[in-house]
Amino acid sequence: MVTRWAVRSARAFDGERFLPDGATVLVEGGRVVGVEAAAFRPPDDVPVAEVDGTLLPGLVDCHVHLVASGAFPGTPGSLEWAGTAESAAVDEVVTDSLRAQVAAGVTSVRDLGDGAYRVLEHRGREAEGLPRVVAAGPPITIPLGHCWFLGGDVDPDEPGALDRAVAERAERGVDLVKVMASGGFLTPGSDQLGAQFDAGPLRHLVGAAHEAGLRVVAHTHSVAGAEVALEAGVDGLEHFTCMAEGGADPPAALLAQAAAAGVTVCPTLGHDPARLPPVSAMPPHILGMLERIGITDRDEHFARAAANTVQLRKHGIRVVSGLDAGAMPAKPHGHLWRSVAELVRGGWPVEEALATATSVAAEDCGIDAGRLAAGRLADLLVVDGDLAADLTALSRPLAVWVGGVSVSLP
Ligand SMILES: [Zn+2]
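One structure accompanies this document, and this report is about it. Computed from a prediction, not measured in an experiment: that's the story for all the values here.

**Observations concerning the sheet that holds strand 10 (residues 215-222)**
What the five strands build is an open sheet, ordered 9-10-11-12-13; its pairing is parallel. Looking at which strands have only one partner, the edges of the open sheet turn out to be strand 9 (176-180) and strand 13 (318-319). Note that strand 11 (residues 236-243) and strand 12 (residues 264-266) share three bridges and pair parallel. Bridge pairing in strand 12 links Gly236 to Thr264.

**Brief notes about the coordination of the zinc ion**
Protein-derived ligands of the zinc ion are His63 (NE2), His65 (NE2) and Asp324 (OD), with the metal-ligand distances lying across 2.1 to 2.3 Å. Taken in sequence order, the residues that donate to the zinc ion follow the motif H-x1-H-x258-D. Residue His65 is located in the loop between strand 6 (59-64) and helix 1 (78-84), and its partner Asp324 is located in the loop between strand 13 and helix 9 (336-346); the two are separated by 259 residues in the primary sequence. Asp324 carries the same exposure label as His65, and that label is buried.

**Section: the pattern of salt bridges**
With the rule as written, the count across this model stands at 26 salt bridges. Where Asp175 meets Arg123, a salt bridge forms, and the shortest distance between an N and an O atom there is 2.9 Å. Note that Asp175 is positioned in the loop between helix 3 (161-172) and strand 9 and Arg123 in the loop between strand 7 (106-111) and strand 8 (132-135), a separation of 52 residues in sequence. Taking relative accessible area as the criterion, Asp175 reaches 34% and is therefore assigned partly exposed.

**Structural notes on unusual backbone geometry**
Despite not being glycine, His239 shows a phi value in the positive range, around 75°. Tracing the sequence through the fold places His239 in strand 11. The backbone phi angle of Cys242 is positive, close to 60°, even though this residue is not glycine. Tracing the backbone through its elements, the reader meets Cys242 in strand 11.

**Looking at helix 9**
Among the residues making up helix 9, those that are buried are Leu336, Arg338, Ser339, Val340, Glu342, Leu343 and Gly346. Looking at the buried residues of helix 9, the elements they touch are strand 6, strand 7, helix 8 (298-314) and helix 10 (350-355). Looking one or two residues past helix 9, Gly347 carries a phi angle of roughly 125°, positive in sign.

**Some points on the side chain of Arg169**
Assignment of secondary structure puts Arg169 in helix 3. No salt bridge forms around the buried Arg169; measuring N to O, its nearest opposite-charge neighbour Glu168 is 4.5 Å away. When neighbours within four sequence positions are excluded, Arg169 is seen to be in contact with Tyr117, Ala136, Pro138, Pro139, Ile140, Gly152, Val174 and Val177.

**What about the sheet that holds strand 6?**
Strand order across the open sheet formed by three strands is 6-7-8, with parallel pairing between neighbours. This sheet does not close on itself; its edge strands, each paired only once, are strand 6 and strand 8. Strand after strand, the sheet turns through a mean of 15° between neighbouring axes, direction not considered. In this sheet, strand 8 lies alongside strand 7 in parallel orientation, the contact comprising four bridges.

The rules behind each value
- Residues numbered from 1 in each chain as written.
- Predicted model: local features only at pLDDT ≥ 70, side-chain atom pairs only at ≥ 80, totals over all residues.
- Heavy atoms only, no water.
- Pairing = 2+ DSSP bridges.
- Helix = DSSP H or I, 4+ residues; strand = E, 2+ residues; numbered from the N terminus.
- Donors = N, O, S within 2.8 Å, 3.2 Å for Na, K, Ca; no water.
- Buried < 20%, exposed > 50% of the residue type's maximum accessible area, 1.4 Å probe, protein only.
- Salt bridge = Lys/Arg side-chain N within 4 Å of Asp/Glu carboxyl O.
- Contact = heavy atoms within 4.5 Å.
- Lys, Arg positive; Asp, Glu negative; His and termini not counted.
- Axes fitted to C-alpha atoms, helices over the stretch in contact; angles between N-to-C directions.

Given below as structure tokens:
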């Protein structure tokens, strides 16, 4: 028997804008079948959940690492741990990560790096009230390159190696391909300011992925890595930190190049300040790197990075929100709201910032949700308070549904 039900709120955000008359969202068979004003009265046999707060689509975190939960092992090496741990232990962490995400109103996640393709086994758990999962499997990197310990290292000079890497992923059924175009802070010895691949091999990899129907997103902290990635025709840039000797600001030419290429950028902003280690406790390789870039005041750097995202918006570049959850203790699962808050702090209008974590994010992930609209999956969230006036409401979920399945919150 198909039953119809509804949720009603005087305040609502539909994925693009706040609805002045609130919303009554009608749900049937896991999908939204109608969106009316709050004053709308459905037939008597349709149960209505009246909620006090703001109703919006469930959030979509476009950059997570489910194998590395902020809660366990909770050290900068948690991704490294995942590269060698037993499958059963990794699976437990993945489930914990998914629970933390959905409890925070995140109804879909895009996983951009696991070990041994474990995350792929956790797709399709929506009936359990867990988020939808889109996953890349192990990120492709160079020998001893960024996150090599996840098992995706490939020698680009070895004939056929890049083709084999893509073919293996296609065979495994990944949803997209992740490639490390620059080094990263989590991998000592990798070069955050350089490019890991030349444009030729990277273009070849992107071509092979596209032929297999897979999009490619590139991790890049450096200007050099972003340039190569854009030249190679990737579909998305992760982090886009734009680091170079002496600074971390996007050059105008690079922004124009990104806009012309039509790529998506996921700036992975946001962190829990309470879980950031003091500068004195940072490993020497990170301190040395910060010195090369010229970052002396961390808070100032974060504020500047947030302000720099306005340049992306001005250039008409599609921006999605993703926290890089699990990658380090200061980025726990379920804190996507911090990414949105950073955009607003940088100068984004609230509605557009929220869209980067709902409608725009869902579209970029190929997930048929992210909007309060008839026909979309009923991935819904109610947060405590008036979200239009108080963005911190986003951190206070009151009710969550995944495909119409009610999630019991802790
Ligand atoms: Zn990441």
